[in-house]
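Per-entry structural report
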Amino acid sequence: MKILLYNPDNGVTRNFMPHLWMFLLQAITPREHEVLLVDGNAKPMNETELVNYAREQGVGLVGIGAMTRMAARAYRMADAMRAAGIPVVMGGPHVTEVPDEALGKDGGPRHADAIALGEADETWPQIVADAANGCLKDIYAPVDETGKEHKPSLQPYPQIPWNDIDLDQFDMVPKFARPLLKRYGSGWQAVHVIPMESGRGCPYGCEFCTVTGFFGDSIRFRSNESVVQELLALKKNARENLSQVIVFFIDDNFAINIKRTKSLLRDIIAADAQVPWMAQISANLLRDEELVDLIAASEGKWVFIGMESIDTANLKDMNKSFNKPAEYATVLNRLAARNIYAVTSFIFGMDNDTAGVADRTLEQIESWPPGLPVFGQLTPFPATPLYDRIVAANRLTRPKHWMEFAPYQMAHEPLKMSISQTQKELDEAWSRSYSPERNLQALESLKEQHVKFRVIHLVMRLFFRGIYFPQMNTRAWLKVIAQNRRAIYSLSKEAVGKWREGRKNKHQLPQSASPAISEKRAA
Ligand code: B12
Ligand code: SF4
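Overview of the structure.

1. Let's talk about the pairing of strand E11 (residues 277-280)
Residues of E11 alternate between two faces, with Trp277 and Ala279 on one and Met278 and Gln280 on the opposite face, all of them buried. Looking at chain direction, strand E10 (residues 244-249) and E11 are connected through three bridges and run parallel. Bridging across to E11, Phe248 finds its partner in Met278. With helix H10 (residues 258-270) bridging E10 and the parallel E11, this β-α-β connection has right-handed handedness. Pairing geometry for E11 and strand E12 (residues 300-308), over four bridges, is parallel. Bridging from a neighbouring strand, Ala279 pairs with Val303 of E12. In the classification by handedness, the crossover that spans E11, the intervening helix H11 (residues 289-297) and the parallel E12 is right-handed.

Right, dumping it as C-alpha cells:
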C-alpha cells in the first residue's frame, strides 16, 4: 500500500523546519508499504492538487496531522480525500484534544475515517495493517490490555534516515544565493534545521499549555547513545555535502531533568558529535552554571525561553510562578557571556495585562543582551485548564476559534483591555523589535562577535520578522532587504574583507611554514 502523510500549511509563514511526526511515522511503517510525505509549508497544494497527486501515486491511505490552528485546513484536505474515495486517518494534538469533531460525533460533518489519539508510535503499525485489510476502526488509543494509557518509552528509538531524505525544500539558503555559495562559500551550500527529540513530557502544567495533558507528566528520554549516533550521522552528512546542519531539540523542556541533560551533553562532547543546536529550556533551569557551560561546550547556540510575561500576577494566573521576571536579565547575561542567545517568548492579553504592555515589555527586552523576541496572544487551546476556565466564565468570543483561524486574534476578552488593544500591543511589539533601527542596535551591541555570527544573527532577525509580517514572496523580501540595507551593506563589506584576507594569508603562507603549522594545529 502507498501511504501519504500530509501536514497542512499554517497559512502564515513557511516553516523553517520539517515536522518530526511525519519522519517518525515513516520510520516505523512496516517495510512492505511505501510512504510519501507532503508538507504543505514547503510544497503548498490546494485540495484538487493534493487529490490529483494522491490519485497519480495510487495512494491507499492518507494520514493527516495538525496543530489546532491548522485544523480547519486539515479537515478540508481530509474531506477532499474522502470524497475521492481515499480513506483518511488523522492524528496529532488537535484531534486528540477534540476527538468528536474529526469523527463527526459533535453534530458536525465527519472528516476522518479513523483517528489516532495521543502518541501514535505504538498504534501506527496496527492502523496501517487495518487500513491495508480494509477494516479501519474509528479510534486508535495507546492503551495496554487493561485499558490503561501506555506511553512509548522512547527506548529503543527508531532510526530516522535523514541522510536519505530529500530536504531540499527545507534549505534555508535562498535559491538565488545557492550558485554563489557553491562557488565561493564552500561549506554553506545548504543550511538545514533538523528536528530531533531527546525526550518527551513536561510536568509543569502551565495553564495555557497542551503539553502536560498530551504527553503526560511522565518524562521519558531516549538513550544518550541513540541521540549521539543521530548527531554523528547528521554531522558526517553535512560535512560530506559541504552544508550546514543545525539541530532543534524539540523537547518541551530540554533540561527538565538537569542531571540527564548534563550527562547527554557530556556524551555529545566526548563523542565529538557537536553541531550547532537550539532547544527550549525554562528560565528557572538556567540558574545552573555548569549546565550553561555544557550547553556552550556542546555548541548550543540558541535557547528558546517561554518568559510569557514580565508581570508576576500574570505568571501566577498561568501557574507559571517558577518564572521570575527579576532574574530574566541575569539568566540572559549568563547565556550571552558564553555566546548563547535567547529566543524570548511573550504572551499578551493575559488577565492582568493593561494598555502599554508592549512598551513595558520592550523596555525590559531592550535592556537585555540582544535576542530574538517573539510575541503572541493568549489562546485557550481545547483541553487545557485555561480553556476550561474561560468557558466556565463564559468569556469565549469565538468558541471554535480554530474553525475560523485568524492569526494573532484573541478568542476571548481579556479582563483589563480589549481584544483590539491586544492586537495593537502585538503590532507595536513586533514592529519595534524588528525595525531596521533595532536591528542595527542589536548588531552594534554584538560588535565584539565574529562577523560570521553577526551575519547569522541578522539573517535570523529578518526571518523572525516574517513570523508576524508575512514575507511569502520575493517582493516582500526585497522590501525587507532594502529597509535593512545599511546593516546588510556593512556586514557584507566586513565579511568579504575577512574572506579576502583569509585567502591572501593562505596563498602567502611560506611552503616551509605549512607542516609546522599543521602539526601545531593537530596538536
Ligand atoms: C517543534 C514545535 C514547533 C515548531 C514548528 C513545528 C515543526 N516544524 O516541527 C515551531 C517552533 C515553529 C512551533 C511553532 C508553534 N507552535 Co509548536 N510545537 C513544537 C513542539 C515543541 C514539538 C512538535 C514535535 O515535533 N513533537 C514531537 C512529535 C513526535 O510529536 P507530535 O507532533 O505530537 O506527533 C506524535 C503524535 O501527535 C502523533 N501524530 C502527530 N501527527 C499525526 C498524524 C497521524 C496521521 C497520526 C496517525 C499520528 C500523528 O504521532 C506522533 C508520534 O507519537 C510541540 C510540543 C510537543 N512536544 O509536541 C509544540 C506544539 C505543537 N506547538 C504548539 C503551538 C501552540 C505553536 C504555536 C501556535 C505557538 C505560537 N503561539 O506561536 C506556533 C505555531 C506554528 C505555526 N506557525 O504553525 C502547541 C500546539 C497545541 C495545539 N493543540 O495546537 C504544542 C503542542 C505546544 C504547546 N505549548 O501546547 N512549534
Ligand atoms: S514549561 Fe513549557 S512545556 Fe512545560 S507546561 Fe509550561 S509551557 Fe508547557
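2. Remarks on a nonpolar patch on the surface
A contiguous nonpolar patch, built from Val455, Val459 and Phe463 and spanning about 200 Å² of accessible area, is present on the exposed surface. Along the chain, the position of Val459 falls in helix H18 (residues 451-468).

3. With respect to the site of ligand 1
Around ligand 1, the structure places 40 residues, and the nearest of them are Thr68, Ala120, Asp121, Thr210 and Asp252. Contacts to ligand 1 include Asp252, whose side-chain N or O atom sits 2.8 Å from a nitrogen atom. Where the shell around ligand 1 is concerned, the elements lending two or more residues are helix H1 (20-27), strand E3 (59-65), strand E4 (88-91), helix H4 (93-97) and helix H8 (211-215). Of the residues forming the shell around ligand 1, the biggest block, four residues, is contributed by H1. Here the shell around ligand 1 is composed, by residue class, of 21 nonpolar, twelve polar and seven charged.

4. What to know about the pattern of salt bridges
What the rule picks out here adds up to 33 salt bridges. When the shortest N-O distance is used, the salt bridge between Asp106 and Lys400 registers 2.9 Å. You can see Asp106 sitting in the loop between helix H5 (99-102) and strand E5 (114-116) and its partner Lys400 sitting in the loop between helix H15 (385-392) and helix H16 (419-433), a full 294 residues away along the chain. The partly exposed category is assigned to Asp106, whose relative accessible area is 38%. Of the charged contacts, one joins Asp272 and Lys235 as a salt bridge, the two residues approaching to 3.4 Å between their closest N and O atoms. Placement of the pair is Asp272 in the loop between H10 and E11 and Lys235 in helix H9 (residues 224-240), with a sequence separation of 37 residues. With relative accessibility at 47%, the residue Asp272 sits in the partly exposed group.

5. Observations concerning the sheet that holds strand E2 (residues 34-39)
As summarised here, the arrangement of the six strands in space is E2-E1-E3-E4-E5-E6, forming an open sheet in which the pairing is parallel. Here the strands that pair on one side only, and so sit at the sheet edges, are E2 and strand E6 (139-140). Here helix H2 (residues 47-57) sits on the sheet in contact with strand E1 (2-7), E2 and E3, set at roughly 160° to E1.

6. So, the side chain of Asp9
Along the polypeptide, Asp9 turns up in the loop between E1 and H1. Note on Asp9: relative accessible area 15%, which makes it buried. In this structure the side chain of Asp9 is engaged in a polar contact, spanning 2.8 Å, whose partner is the side chain of Arg73. Beyond its immediate stretch of four places on either side in the chain, Asp9 contacts Gly40, Asn41, Met70 and Arg73.

Rules and cut-offs
Residues numbered from 1 in each chain as written. Chains lettered and ligands numbered in written order. Predicted model: local features only at pLDDT ≥ 70, side-chain atom pairs only at ≥ 80, totals over all residues. Heavy atoms only, no water. Buried < 20%, exposed > 50% of the residue type's maximum accessible area, 1.4 Å probe, protein only. Helix = DSSP H or I, 4+ residues; strand = E, 2+ residues; numbered from the N terminus. Pairing = 2+ DSSP bridges. Right-handed = clockwise from strand over helix to strand, strands pointing away. Patch = residues over 30% accessible without salt bridge, like charges linked within 9 Å, V, L, I, M, F, W, Y side chains within 5 Å. Areas by Shrake-Rupley, 256 points an atom, 1.4 Å probe, with all protein chains shown as cover. Salt bridge = Lys/Arg side-chain N within 4 Å of Asp/Glu carboxyl O. Near = heavy atom within 4 Å. Polar contact = N/O pair within 3.5 Å; in protein donor to acceptor, adjacent residues only side chain to side chain. Nonpolar A, V, L, I, M, F, W, Y, C, P; charged D, E, K, R; others polar. Contact = heavy atoms within 4.5 Å. Axes fitted to C-alpha atoms, helices over the stretch in contact; angles between N-to-C directions.

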